[in-house]
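Each chain, written out:
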Amino acid sequence: MKSISGKDWEEIKLSKRSIEKVKIDQNLNDIQSKLIISRNFTKEEIFLIKNKINFTNPFLHTRDFLSAFRLLKKNIFENNKILIIGDYDVDGCLSTSLMVKFLNFNKSKVNFYIPDRFKDGYGADLNLTKRLIHKYNP
């Protein structure tokens, strides 16, 4: 298998019996079991996988987060157009797709734009924002 950058990737061949044993013993899925075997996880690491860690949003009670939340909520309820300006790295693309999926689920009028690093530069600057307003709101 080739990666997007053209590198060859090969899946490590593992015994199906070993995978099944870990899967049954640890009550995990196939992918988790393969990772545990191929990476030689310790019992402590397996314990951390099986026990959910309680993640909290460090921004949850900040003024900017609450302001953005209220603005998004208002625009969803008023059925206004919403444009998500994403990012071209992996977490940016993923978060953009999650946000668009969430907004589509809420029947919002949503578009998204992933900037071109060479044409648009880094970040959502004023020129890009003005250009996108004209593009999506003629």
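All values derive from a computational prediction rather than experimental measurement.

A. Structural detail: the overall build of the protein chain. Counting its secondary structure elements, the protein chain contains six helices and two strands. For the protein chain, the α and β elements follow one another from N to C terminus as α-α-α-α-β-α-β-α. Taken along the three principal axes of its C-alpha coordinates, the protein chain extends 60 × 40 × 25 Å. Intrachain contacts of the protein chain at a sequence separation of at least 6 include 44% that bridge at least 24 residues.

B. Representation of the environment of Lys 50. Among the structural elements, Lys 50 can be located in helix α3 (residues 43-50). Judged by relative accessible area, which is 39%, Lys 50 ranks as partly exposed. Sequence separation of Lys 50 and Gln 32 is 18 residues, and the distance between their C-alpha atoms is 9.8 Å. Not counting chain neighbours up to four residues away, the residues in contact with Lys 50 comprise Gln 26 and Leu 28.

C. Representation of helix α2 (residues 30-38) in the model. N-cap assignment for α2: the residue whose side-chain oxygen lies 3.0 Å from the backbone N of Ile 31 is Asn 29. Positive backbone phi, approximately 50°, marks Asn 40, located one or two places after α2.

D. Focus on the pairing of strand β2 (residues 109-113). The sheet contact formed by strand β1 (residues 81-85) and β2 spans five bridges and is parallel. Looking at the pairing, Ile 84 lines up with Phe 112 of β2. In this view, the connection linking β1 to its parallel neighbour β2 by way of helix α5 (residues 90-105) has right-handed handedness.

E. Main features of the environment of Gln 26. Structurally, Gln 26 is set in helix α1 (residues 16-26). As a C-alpha pair, Gln 26 and Asp 120 span 94 residues in sequence and 48 Å in three-dimensional space. Setting aside residues no more than four positions away along its own chain, Gln 26 makes contact with Ile 46 and Lys 50.

F. Up close: the side chain of Asn 75. Along the chain, the position of Asn 75 falls in helix α4 (residues 63-77). Of the polar contacts made by the side chain of Asn 75, one reaches the side chain of Asn 80; its length is 2.8 Å. What Asn 75 contacts, discounting residues up to four positions off in sequence, is Asn 80 and Ile 82.

G. Focus on a nonpolar patch on the surface. A cluster of nonpolar side chains, contributed by Phe 59, Leu 60, Phe 65 and Phe 69, occupies part of the molecular surface with about 390 Å² of accessible area. Along the chain, Phe 65 falls in helix α4.

H. Geometry of the nonpolar core. Counting residues in hydrophobic clusters, the biggest one holds six residues: Ile 76, Ile 82, Ile 84, Val 100, Leu 103 and Val 110. Contributions of two or more residues to this core are made by β1 and α5. In this structure Ile 84 touches Thr 96, Met 99, Val 100, Leu 103, Val 110, Asn 111, Phe 112 and Tyr 113, once residues within four positions along its chain are discounted.

I. Expanded view of the pattern of salt bridges. Here the structure, examined in full by the defined rule, presents five salt bridges. In this structure, Lys 23 engages Asp 30 in a salt bridge whose closest nitrogen and oxygen atoms are separated by 3.0 Å. Owing to a relative accessible area of 26%, Lys 23 belongs among the partly exposed residues under this scheme. We classify Asp 30 as partly exposed; its relative accessible area is 37%. A salt bridge links Lys 74 to Glu 78, with the nearest nitrogen and oxygen atoms 3.3 Å apart. Through salt bridges with shared partners, a single ionic network connects Glu 20, Lys 23 and Asp 30.

The rules behind the values
- Residues numbered from 1 in each chain as written.
- Predicted model: local features only at pLDDT ≥ 70, side-chain atom pairs only at ≥ 80, totals over all residues.
- Heavy atoms only, no water.
- Helix = DSSP H or I, 4+ residues; strand = E, 2+ residues; numbered from the N terminus.
- Contact = heavy atoms within 4.5 Å.
- Buried < 20%, exposed > 50% of the residue type's maximum accessible area, 1.4 Å probe, protein only.
- Polar contact = N/O pair within 3.5 Å; in protein donor to acceptor, adjacent residues only side chain to side chain.
- Pairing = 2+ DSSP bridges.
- Right-handed = clockwise from strand over helix to strand, strands pointing away.
- Patch = residues over 30% accessible without salt bridge, like charges linked within 9 Å, V, L, I, M, F, W, Y side chains within 5 Å.
- Areas by Shrake-Rupley, 256 points an atom, 1.4 Å probe, with all protein chains shown as cover.
- Salt bridge = Lys/Arg side-chain N within 4 Å of Asp/Glu carboxyl O.
- Core = buried A, V, L, I, M, F, W, Y, C linked by side-chain atoms within 4.5 Å.

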